[in-house]
Amino acid sequence: MNNLPDDSHNKSEIILYQAEDGKSRIEVKLHDETVWLSQKLMAELFQKDVRTINEHIQNTYAEGELRPDSTIRKFRIVQVEGKRQVTRKVDFYNLDVIISVGYRVKSHRGTQFRINERNILAHAGKISHEQAMEKAYDEYEKFRMAQLNAPSAVERHFAEAVKEVTLLEKEVKPQKTRKKNFKT
């Protein structure tokens, strides 16, 4: 498990998830580009008991679907106990665990979660395809511009021939001839 010393030193965002019935609102922690929920929040999200959520999480790890060391983080939370506020480190589970639990629970909210998840994944695939097409177009444009700016094969061959001739000229300097006068 990764321990986070203090949330104030890490860039985290809180997103409010509101259920379709408009009654339930859950604060979802966004940190390191993923979503994090505690067991208590997952129980609220899926309208199940915390013990049921815990059982599904333990089964996810026991079956080898996910590993605890990469899917659990400890976050400090402040909670009210009696009349006092207490700071505690609580295990939060990343989106992979939330999705796994969402596919395991049997509840109306679990069904809604799975439907929403499928829609999000389908939409994400389209975005990825559009991004890939944009990237391919950009790369093609770079290639095309390089071709337009690059000398042709004939021009390159001519430039190389000129260099060779210049080098040969330097190597073969005309020798001065001395005239010798011979007496006869």
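See the structure above.
Being a predicted model, the structure only gives us computed values, none of them experimental.

Caption draft 1: Summary view of unusual backbone geometry. Not every positive phi belongs to a glycine, and Gln-47 is a case in point at roughly 55°. Take Gln-47: it is sitting in the loop between helix H1 (39-46) and helix H2 (50-62).

Caption draft 2: Structural view of the pairing of strand E5 (residues 72-81). Judged from the 10 bridges that link them, E5 and strand E6 (residues 84-94) form a sheet pairing that is antiparallel. By the bridge assignment for E6, Lys-74 is matched with Asp-91. Two successive antiparallel strands, E5 and E6, enclose a turn made up of two residues, where Gly-82 displays a positive phi of approximately 70°.

Caption draft 3: Spatial organisation of H2. Helix length check: H2, at 13 residues, gives a terminal C-alpha distance of 18 Å against a target of 18 Å (1.5 Å per residue), a fit within 8%. Considered for burial, the residues of H2 that qualify are Ile-53, His-56, Ile-57, Thr-60 and Tyr-61. Angularly, the buried residues of H2 cover 140° about the axis, an arc narrow enough to put them on a single face. In H2, those exposed residues whose orientation departs by more than 90 degrees from the buried face are Arg-51 and Ala-62. Contacts made by the buried residues of H2 are with H1, helix H3 (68-71), E5, E6 and helix H4 (95-104). Phi turns positive one or two residues past the end of H2, at Gly-64, with a value near 80°.

Caption draft 4: Structural detail: the nonpolar core. In this structure, Leu-37, Met-42, Phe-46, Ile-53, Ile-57, Val-97 and Val-101 are the most contacted members of the largest nonpolar core, which totals 22 residues. Top element by residues in this core is H1. It accounts for five residues. Excluding residues within four positions of it along the chain, Met-42 makes contact with Leu-37, Ile-53, Ile-57, Tyr-93, Val-97, Ile-98 and Val-101.

How each quantity is defined
Residues numbered from 1 in each chain as written. Predicted model: local features only at pLDDT ≥ 70, side-chain atom pairs only at ≥ 80, totals over all residues. Heavy atoms only, no water. Helix = DSSP H or I, 4+ residues; strand = E, 2+ residues; numbered from the N terminus. Pairing = 2+ DSSP bridges. Expected span 1.5 Å × (residues − 1). Buried < 20%, exposed > 50% of the residue type's maximum accessible area, 1.4 Å probe, protein only. Arc of directions from axis to C-beta. Contact = heavy atoms within 4.5 Å. Core = buried A, V, L, I, M, F, W, Y, C linked by side-chain atoms within 4.5 Å.

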